[in-house]
Amino acid sequence: MRKKAASLYNKKNRIEWRSHEPSRLETFSDAVFAFAVTLIIVSLEVPKSFNELFETMKGTLSFAACFGALFQIWNQQNIFFRRYGLSDSATNTLNGALLFVVLLYAYPLKFLFSMLFNNNSFIVNGHAHEMINDAQIPTLMLIYGAGFTAINLLFYLMYVTAKKHSRDLKLTAVELYETQTVIYLNLTLTIIGVAAMLLAWLLPVGYSGLSGFTYMLIGAAYWIWYSYRGKKGREKFGPVTEPAS
């Protein structure tokens, strides 16, 4: 699956693959991601009544959102190893830290999307209960900001490590340019996460949830940065070069 997913992403103008078969580290990573998906699954038990079935199906959207977020992280990690095939101690340590964060945030991620899709309520014995109150929202936003920041910081450090091995990997000028593009993007995303955390901390309790709108900058960051780097890349290397994400 790793190879197929990467092949759908890879293009002739992207960074050349240096790893074609999953390593033991990647196999272990797949097991960790699979366990994380198990943690966020809608239900591990077969519903015993229609009411239980209905409550289980209500969790489908939150499960889909969690699965999408985990898949995105998995795919980015997969592309990194397909591109560089590194197995040095620094890369292994950073990848281990990434897997730790993924597992750590499996349940908080499920809680977040359950809260959003279920209108901040859950049912117990037919009675609705509030999942979180206003006083707890700043802490919640700090928790998710820390997770978002950590993941993008780890990807940033992984690509920096790959750049340090550019001579051993025999990266071409185009590939170095592509690598640097992703380095700066992950740094930008890390800064967005830090900014969201600062707003969650500084805003009054009743308005701390507004810090979540900071993440809307992600789409703009992708578009602006890749447009700029794509233009610079075409000027420097010709029309075939486009920045890799």
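Keep in mind that this is a model prediction, so the values were computed, not measured.

*Asks:* Can you explain the overall build of the chain? Please cite residues and give values.
*Replies:* The helix and strand tally for the chain stands at 10 helices and 2 strands. Looking at the chain residue by residue over its 245 residues, the buried ones come to 40%. Here the contacts in the chain between residues at least 6 apart in sequence split such that 74% fall between residues at least 24 apart.

*Asks:* Describe in detail the packing of helix α2 (residues 24-40) against helix α6 (residues 106-117), supporting the description with residues and values.
*Replies:* Running from N to C, α2 and α6 point in directions that differ by 40 degrees, and their axes come no closer than 9 Å. In terms of orientation, α2 and α6 fall into the oblique class. Along this stretch, α2 crosses α6, giving a crossing that reads as right-handed. Every residue of α6 that contacts α2 at Ala36, Leu39 and Ile40 is listed here: Ala106, Tyr107 and Lys110. Of the residues contributing to the contact of α2 with α6, the split by class is 5 nonpolar, no polar and 1 charged.

*Asks:* Provide a residue-level description of the environment of Thr139, including the pertinent values.
*Replies:* Within the secondary structure, Thr139 sits in helix α7 (residues 137-164). Linking Thr139 and Ala200, residues 61 residues apart in sequence, is a C-alpha distance of 7.9 Å.

*Asks:* Break down the pattern of salt bridges for me, citing the residues and quoting the values.
*Replies:* What the rule picks out here adds up to 1 salt bridge. The shortest N-O distance in the salt bridge between Glu26 and Arg82 comes to 2.9 Å. Of the two residues, Glu26 sits in helix α2 while Arg82 sits in helix α4 (residues 60-84), which places them 56 residues apart along the sequence. Take Glu26 and Arg82: they sit in the same class, and that class is buried.

*Asks:* Give me the packing of aromatic side chains: which residues, what numbers.
*Replies:* Under the criterion given, the structure shown has 12 aromatic pairs. Aromatic pair Phe148 and Tyr215: ring centres 5.2 Å apart, planes at 70 degrees, arrangement edge-to-face. Here Phe148, found in helix α7, pairs with Tyr215, found in the loop between α9 (173-202) and α10 (217-237); they are 67 residues apart in sequence, far enough to count as distant. By relative accessible area, which is 22% here, Tyr215 ends up partly exposed.

*Asks:* Which residues make up the packing of α9 against α10, and what are the values?
*Replies:* Where α9 contacts α10, the two axes come as close as 11 Å, and the packing angle between them is 160 degrees. Taken together, the axis directions place α9 and α10 in an arrangement best described as roughly antiparallel. For the pair α9 and α10, the crossing hand works out as right-handed. Within the contact between the two elements, α9 uses Ala173, Val174, Tyr177, Gln180, Thr181, Tyr184, Leu185, Thr188, Leu189 and Ile192 and α10 uses Leu217, Ile218, Ala221, Tyr222, Trp225, Tyr226, Arg229, Lys232, Gly233 and Phe237. For the contact of α9 with α10, a count of residues per class yields 14 nonpolar, 4 polar and 2 charged.

*Asks:* Report on α2, specifying residues and quantitative values.
*Replies:* Taking 1.5 Å per residue as the helical rise, α2 with its 17 residues ought to reach 24 Å, and the 25 Å between its terminal C-alpha atoms agrees with that figure. For α2, the complete set of buried residues consists of Glu26, Ser29, Val32, Phe33, Ala36, Leu39 and Ile40. Projected down its long axis, α2 carries its buried residues within an arc of 125 degrees, all on one side. For α2, the exposed residues set more than 90 degrees away from the buried face come down to Arg24 and Phe28.

*Asks:* For α10, give the residues involved together with the corresponding values.
*Replies:* Given 3.6 residues per helical turn, the α-helix brings residues three or four places apart onto the same face. For α10, with 21 residues, the first-to-last C-alpha span of 29 Å sits near the 30 Å given by 1.5 Å per residue. The complete set of buried residues in α10 reads Ile218, Ala221, Tyr226, Arg229, Gly230 and Gly233. Buried positions in α10, seen along its axis, are confined to an arc of 140 degrees and lie on one side of it. Pointing more than 90 degrees away from the buried face of α10 are the exposed residues Trp223, Ile224 and Glu235. A positive phi of about 110 degrees marks Gly238, the residue just after α10.

*Asks:* Before we move on, can you summarise the nonpolar core with the specific residues and values?
*Replies:* The biggest cluster of nonpolar side chains holds 33 residues, and the ones touching the most others in it are Ile73, Phe80 and Tyr84. Sorting the residues of this core by element identifies α2, α4, α5 (89-104), α6, α7 and α9 as the ones contributing at least two each. Filtering out sequence-adjacent residues up to four positions away, Ile73 remains in contact with Phe33, Leu98, Val102, Ile151 and Phe155.

*Asks:* Give a description of unusual backbone geometry that names residues and reports values.
*Replies:* Backbone geometry at Lys170 places phi at a positive 60 degrees, although glycine is not the residue there. The residue Lys170 is located in the loop between α8 (166-169) and α9 in this model. Lys170 gets classed as exposed once you look at its relative accessible area, which sits at 69%.

Definitions and cut-offs
Residues numbered from 1 in each chain as written. Predicted model: local features only at pLDDT ≥ 70, side-chain atom pairs only at ≥ 80, totals over all residues. Heavy atoms only, no water. Helix = DSSP H or I, 4+ residues; strand = E, 2+ residues; numbered from the N terminus. Buried < 20%, exposed > 50% of the residue type's maximum accessible area, 1.4 Å probe, protein only. Contact = heavy atoms within 4.5 Å. Axes fitted to C-alpha atoms, helices over the stretch in contact; angles between N-to-C directions. Parallel < 35°, antiparallel > 145°, perpendicular 65-115°, else oblique. Left-handed = near helix turned anticlockwise from the far one by under 90°. Nonpolar A, V, L, I, M, F, W, Y, C, P; charged D, E, K, R; others polar. Salt bridge = Lys/Arg side-chain N within 4 Å of Asp/Glu carboxyl O. Phe/Tyr/Trp six-rings, centres within 6.5 Å; stacked < 30°, edge-to-face > 60°. Expected span 1.5 Å × (residues − 1). Arc of directions from axis to C-beta. Core = buried A, V, L, I, M, F, W, Y, C linked by side-chain atoms within 4.5 Å.

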